[in-house]
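# Structural description and commentary
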Amino acid sequence: MIHDTDTREKVGLLRADTPASADLVHFNNAGAALPPEPVVERMVRHLRREAAIGGYEAADEAHDEIEACYAAIAELVGAGADEIALTDSATRSWLSVFTALPWREGDRILTAAPEYSSNIIAMRSAARERGATVEVVPSTPDGDIDLNALTTMLDDRVRLVAVTHAPTNGGLVQPVEKIGAVVADSPALYLVDACQSAGQIPLDLAAIGADALTATGRKYLRAPRGTGFLAVRRGVLDRLTPAHLDLHSAWLDDDRLRLRGDARRFELFERGVAAVLGLGQAVRYYRDVGPNWAHDYLTALAEHLRRTLDDIPGVTVTDIGARRSGIVTFQAGGVAAGELAARLKARGCNVSVSAAASTPWDMEQRRLDALVRASVHYYNTPDEVARFGAEVAAALR
Ligand SMILES: *Cc1c(COP(=O)(O)O)cnc(C)c1O
C-alpha cells in the first residue's frame, strides 16, 4: 500500500502540513514527532491572545474548545469525557494512577520484561516503601507476554497488572486485548502504558479491557511537548485517591475533604493552556487523517525500513514481537549507537538512541546495550526510507 498513487497523494498533502519534512528525514517520532502546522498555529494564536487580553481572559474565551479537547481524547480512546484527565507527560499520567492505589504490605504487581524504566522505578519504590512485590511475567519466544504464565500468576493479592502496549526500544506490540481478557477475572487494576501506541495504533479502552490508560502528546500524536493524558474507567475512580490534590481536584465541605467525581481529580489547576489547545488540535488532526489508515501505512513503512536495513552489511535489526509497530531498532557492527546516530544527524536524518537504561529488563535479557531507534510516521515515505538506507550505509563506511 505504501507505493500506490492514492497513498502518495495523501501523504503528499500531509507533508505539506509538515514543512520540515521537505529536507529533513525525521525518523524520531517515538522521541517527538514533527507537529503539523495547524497544531503550531493554534498554540501561537493562543499565546498571542494571552498577551493581548490576559491569561485568564484568554482561557475563558477558549473554554468550549478546552472542553472539546477532553471530548476528542475520549473519542480517541473509546472513553467518556468524564474519564479523561490532562497532564504534562505520560510519566505524570502513569504515576498519578499508580500512586493513587491503596498499596498494602504483600500486594503483588505483575508486569512484563519490556517495561519502561520510569514505571519500573515507581514499582520498585512502592516495593521498598510499602512492602509490595514486583514480578515479571515471562515472555514467549516471540517476545510477547506469555498469557498462560500470566493466568497462572494471577491471584487475589495482585493489586496491579501494568503493561506497556508498544515499548520504547523496538517494534513489539503487546497483545493488550488478550491480556485484558485474562485480567478481567481478577480484582487487579489493569493499567496500560499507551505512550508509544497513542497516535499510531487505534485504541479502545473497552476492547483492551483496561481500567486505566496513559499517554503523552509529543510522540505519535504530534502534539506539543509537555502534554499528556490519562483515561480512567468510571467504575474504578473511587478506588483511586490521587497523591496530589488542589483546589481544582478537591474542595473542603465543612472542613471535610471532597474529591471531584470525574477523572479530573488527577489534575491540578495550573497548566499551559496553549499546549492543551495544541493537544486538542493534534487529536482532531489525527482523527481526520484516519487512525486505521495511519496505522496500516506506518506499519507497512516500518516493515519496508526493516527489510532495507537488513540488506545493509553489518546491520542487525533487533525488533521482536508477533505484531510490530512503527518503531525500528538496530545495531551496526563496529559503530556504537550514539556515534551512528550522530553521523546520521549530520547527514540530515534524525533518529534516537534507545539506551539499555530505558528498558533495563528486556535489554539485559536479550544482552543488548544501546540501539539506534528509527521510528517512522505516516508523513514519512518510501523515498525517505531509501535515502535513510543509503545514509546508514555511507555512515558505516
Ligand atoms: C516515552 C515513554 C514514556 C514516557 O513518556 P513521557 O511523556 O516522557 O513521560 C513512557 N512509556 C513509554 C513506553 C515511552 O516510550
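Residues numbered from 1 in each chain as written. Predicted model: local features only at pLDDT ≥ 70, side-chain atom pairs only at ≥ 80, totals over all residues. Heavy atoms only, no water.

Looking up the protein chain in an unreviewed UniProt entry gives the name Aminotransferase class V, with the organism given as Saccharomonospora piscinae.

### With respect to the sheet that holds strand E11 (residues 315–317)
A sheet is described by the order of its strands in space; here four strands give the open sequence E11-E12-E15-E14, paired in antiparallel fashion. The open sheet has two free edges, formed respectively by E11 and strand E14 (352–354), since each of these has just one partner strand. Averaged over all neighbouring strand pairs, the angle between strand axes comes to 40 degrees, with direction disregarded. Judged from the three bridges that link them, E11 and strand E12 (residues 327–332) form a sheet pairing that is antiparallel. Bridged to Val315 within E12 is Ala332. Lying on the sheet, helix H12 (residues 291–310) is in contact with E11, E12 and strand E15 (371–375); it crosses E12 at an angle near 10 degrees. (Pairing = 2+ DSSP bridges. Helix = DSSP H or I, 4+ residues; strand = E, 2+ residues; numbered from the N terminus. Axes fitted to C-alpha atoms, helices over the stretch in contact; angles between N-to-C directions. Contact = heavy atoms within 4.5 Å.)

### Regarding the site of the ligand
Residues in contact with the ligand amount to 13 residues; listed here are only the nearest, Thr91, Asp193, Thr216, Arg218 and Lys219. Between the ligand and Ala90 there is a distance of 3.0 Å, counted from an oxygen atom to a backbone nitrogen or oxygen. In the model, an oxygen atom of the ligand is placed 2.5 Å from a nitrogen or oxygen of the Thr91 side chain. Protein contacts shield 92% of the accessible area of the ligand, which totals 390 Å² for the unbound molecule. (Near = heavy atom within 4 Å. Polar contact = N/O pair within 3.5 Å; in protein donor to acceptor, adjacent residues only side chain to side chain. Areas by Shrake-Rupley, 256 points an atom, 1.4 Å probe, with all protein chains shown as cover.)

### Description of unusual backbone geometry
Outside of glycine, negative phi angles account for most residues, and trans bonds account for most peptide bonds. Although it is not a glycine, Arg222 sits at a positive phi angle of roughly 65 degrees. Along the chain, Arg222 turns up in the loop between strand E7 (212–216) and strand E8 (228–232). Positive phi outside glycine occurs at Arg367, with the angle close to 50 degrees. The residue Arg367 is located in the loop between helix H14 (360–365) and E15 in this model.

### A word on a nonpolar patch on the surface
Together, Tyr56, Leu247 and Phe269 give the surface a local cluster of nonpolar side chains, amounting to about 400 Å² of exposed area. With respect to the helices and strands, Tyr56 occurs in helix H3 (residues 55–61). Relative accessible area serves as the criterion here: at 60%, Tyr56 is assigned to the exposed category. (Patch = residues over 30% accessible without salt bridge, like charges linked within 9 Å, V, L, I, M, F, W, Y side chains within 5 Å. Salt bridge = Lys/Arg side-chain N within 4 Å of Asp/Glu carboxyl O. Buried < 20%, exposed > 50% of the residue type's maximum accessible area, 1.4 Å probe, protein only.)

### A few points about the domain arrangement of the protein chain
When cut into domains, the protein chain gives domain 1 (5–32 + 291–396) and domain 2 (41–288). Of note, the centres of domain 1 and domain 2, computed from C-alpha atoms alone, are 26 Å apart. Between domain 1 and domain 2, the contact holds 40 residues from the first and 33 residues from the second. Its largest share of buried area at the contact with domain 2, domain 1 owes to Pro291, Arg323 and Trp361, together 24% of the area lost on that side. On inspection of domain 1 and its partner domain 2, the count reaches zero salt bridges. Elements with a contribution of two residues or more to the side of domain 1 that touches domain 2: H12, E12, H14 and E15. Top element by residues in the side of domain 1 that touches domain 2 is H12. It accounts for six residues. (Domains from an automatic or database assignment. Buried area = accessible area lost by both parts, 1.4 Å probe.)

### Looking at the sheet that holds strand E6 (residues 189–193)
Spatially, E2-E8-E7-E6-E5-E3-E4 is the arrangement adopted by the seven strands of the open sheet, whose pairing is mixed. Of all strands in the sheet, those with a lone pairing partner are strand E2 (84–87) and strand E4 (133–137), marking the two edges. Recorded for the sheet is a direction-independent mean angle of 20 degrees between the axes of neighbouring strands. Bridge count for strand E3 (residues 108–112) against E4 is five bridges, and the pairing is parallel. Bridge assignment links Ile109 to a residue of E4, and that residue is Val134. Together, E2, E7 and E8 form the strand contacts of helix H4 (residues 63–77), whose direction differs from that of E2 by roughly 110 degrees. On the sheet, helix H8 (residues 176–183) packs against strand E5 (158–164) and E6 and is oriented at approximately 170 degrees with respect to E6.

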